[in-house]
Amino acid sequence: MTTVRTLLSSYPGRRIGQALLTMVLVSITVFAGVRAMPGDTAQALAGEQTSPEVLAAIREEYGLNDNIVVQYWDYVRHAVTGDFGTSARSGLPVLDSILDALPITLELAALALLLAVVVGIGAGIVAAVRRGKPEEWLANAIALLGMSVPTFWLGMLLVLGFAIAMPLFAASGFVPFGQDPVENLRRLVLPAIVLGSGLAAVVMRQTRAAMLDAMSSDYVRTARAKGLSQRAVIGTHALRNSLVTVITVLGLQLGQLISGAVVTEQVFVLPGFGKLTIDAVFTRDYAMVQGVVLFTSAAYILINLLVDLLYSVVDPRIRLGGSR
């Protein structure tokens, strides 16, 4: 009992408990929101079949005649076992459709994140170290451009330039990595640039601001006075203490990669999670809408939980403070 109490009072334990409570509240909100959508759920599931007998059978099969509390409990009871219902559009289980589309979006998001981290942090360090020099002006100009250009416009511009005028990359479609790694990258490079450009710009500006603040602090001046090299001062002292801010930005923006993938996947015709969401909304596939929204919410919560736990790794003071 003492061990359990200690775990729950620790920083990771409290953050995990808050994440679980948030997930329960999100599931209630999603379930109630889908039930509040206009239209008859049974009619949407029936499609062209509008006879009273068919509608009555559907309501009985899906428990639509029960009160909202019973319906929610049945949904949660099935959801914890992986049963999120059946898609009215395709007739396939919702979980199977999500698991088929999710790896495409995750691969796209991973490439976009890699681009954002490498370019954003690298440009931010250069802009901070070379303050007032042409390198800083160039980095700021590129960051401003990355945050200002609309996603759909940048996507069409890249398609015209690098898929049509110079056919270096494919303009649409998807090939699994295991089937053809080269063709897989050819079809994901342009979407990853579109999806990661805005995040890279945000990361660059936050890294620059955090680095400038760190480089003017006493511990950095002390490190320079000890005769440490410029690389050691920047990498070991200034950058590490700036990573808390950068991790916060990445955590907040990672969830937007999933929502941003909706537009990007539509432009590049990728059969990922974003396109699945759009198709479910347009066809009023209630079970699928409920499943994708719940998965998206769970992704946000998980990402924020991981960011909170990373804080304690980067800055031990947070871990020690949270254990009191």
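Everything that follows concerns the structure shown earlier in this document.
Calculation notes
- Residues numbered from 1 in each chain as written.
- Predicted model: local features only at pLDDT ≥ 70, side-chain atom pairs only at ≥ 80, totals over all residues.
- Heavy atoms only, no water.
- Core = buried A, V, L, I, M, F, W, Y, C linked by side-chain atoms within 4.5 Å.
- Buried < 20%, exposed > 50% of the residue type's maximum accessible area, 1.4 Å probe, protein only.
- Helix = DSSP H or I, 4+ residues; strand = E, 2+ residues; numbered from the N terminus.
- Contact = heavy atoms within 4.5 Å.
- Axes fitted to C-alpha atoms, helices over the stretch in contact; angles between N-to-C directions.
- Parallel < 35°, antiparallel > 145°, perpendicular 65-115°, else oblique.
- Nonpolar A, V, L, I, M, F, W, Y, C, P; charged D, E, K, R; others polar.
- Salt bridge = Lys/Arg side-chain N within 4 Å of Asp/Glu carboxyl O.
- Expected span 1.5 Å × (residues − 1).
- Bend = angle between axes of the 7 residues up to and from the residue.
- Polar contact = N/O pair within 3.5 Å; in protein donor to acceptor, adjacent residues only side chain to side chain.
- Phe/Tyr/Trp six-rings, centres within 6.5 Å; stacked < 30°, edge-to-face > 60°.

J.: Before we go on, may I ask you to explain the nonpolar core in this structure?
T.: Here is a general trend for soluble globular proteins: nonpolar side chains tend to be buried in one another's company. By size, the foremost hydrophobic cluster in this structure holds 34 residues, and its most contacted members are Val203 and Met211. Contributing elements (two or more residues each) for this core: helix H6 (94-129), helix H8 (151-165), helix H9 (181-215) and helix H11 (230-267). No other element matches H9, which puts 13 residues into this core. In contact with Val203, other than residues within four places in its own chain, are Ala116, Gly120, Ile121, Val246, Val249 and Leu250. Among the nonpolar cores identified, the runner-up in size contains 24 residues, and Ala79, Ile98, Leu276 and Ile301 belong to it.

J.: What exactly am I supposed to notice about the packing of H6 against helix H12 (residues 273-282) here?
T.: Describing two packed helices takes the angle between their axes plus the distance from one axis to the other. Direction vectors running N to C along H6 and H12 enclose 135°, while the axes themselves pass 7 Å from each other. Relative to H12, H6 is oriented oblique. Across from Ser97, Ile98, Ala101, Leu102 and Thr105 in H6, the residues of H12 making contact are Phe273, Gly274 and Leu276. Along the lines of polarity and charge, the residues of the contact of H6 with H12 split into five nonpolar, three polar and no charged.

J.: Looking at this structure, I do not really get the pattern of salt bridges. What am I missing?
T.: Should the charged atoms of two oppositely charged side chains come close, the side chains can pair. A full pass over the atoms with the stated rule returns five salt bridges. Where Asp74 meets Arg77, a salt bridge forms, and the shortest distance between an N and an O atom there is 2.9 Å. Of this pair, Asp74 and Arg77 both sit in helix H5 (residues 68-79), three residues apart, which is roughly one turn of the helix. Residue Asp74 is classed as partly exposed on the basis of its relative accessible area of 25%. One salt bridge connects Arg186 with Glu183, and the closest N-O pair in it is separated by 3.0 Å.

J.: Explanation requested: H8 in the structure shown.
T.: Think of an α-helix as turning once every 3.6 residues; residues three or four places apart then point the same way. Here H8 spans 20 Å end to end across 15 residues, near enough to the 21 Å set by a 1.5 Å rise per residue. Most pronounced at Val159, the bend in H8 amounts to some 30°. Buried within H8 we find Leu154, Gly155, Leu158, Val159 and Ala163.

J.: Whenever I open this one, the environment of Glu265 confuses me. Can you help?
T.: Checked against the element boundaries, Glu265 lands in helix H11. Along the primary structure Glu265 and Thr105 are separated by 160 residues, whereas in three dimensions their C-alpha atoms are 8.4 Å apart. A polar contact is formed between the side chain of Glu265 and the backbone nitrogen of Gly274, at a distance of 2.7 Å.

J.: Could you clarify how one ought to interpret the packing of aromatic side chains in this entry?
T.: Between two aromatic rings, the relevant description is the distance of the centres plus the angle of the planes. Evaluated as defined, the whole model comprises four aromatic pairs. When the ring of Tyr75 is compared with that of Phe84, the centres are 6.5 Å apart and the planes differ by 65°; the resulting orientation is edge-to-face. By way of ring pairs, the aromatic residues Phe31, Tyr72, Tyr75, Phe84 and Phe295 are connected into one cluster.

J.: Mind showing me how you'd approach the environment of Gly155 here?
T.: Within the secondary structure, Gly155 sits in helix H8. Given the relative accessible area of 0%, Gly155 is considered buried. Separated by 38 residues in the primary sequence, Gly155 and Ile193 have C-alpha atoms spaced 8.6 Å apart. Not counting residues up to four positions away in its chain, the partners in contact with Gly155 are Val194, Val267 and Phe268.

J.: Honestly, the side chain of Ser97 in this entry has me stumped. Any pointers?
T.: Its place among the elements puts Ser97 in helix H6. For Ser97, the residues in contact, after removing those within four places along its chain, are Ser90, Leu92, Leu276 and Met288.

J.: Would you mind going over the environment of Leu102 with me for this structure?
T.: Tracing the sequence through the fold places Leu102 in helix H6. Sequence separation between Leu102 and Gly274 is 172 residues, and the spatial gap between their C-alpha atoms is 8.8 Å. If sequence neighbours within four positions are ignored, Leu102 has contacts with Phe273 and Phe295.

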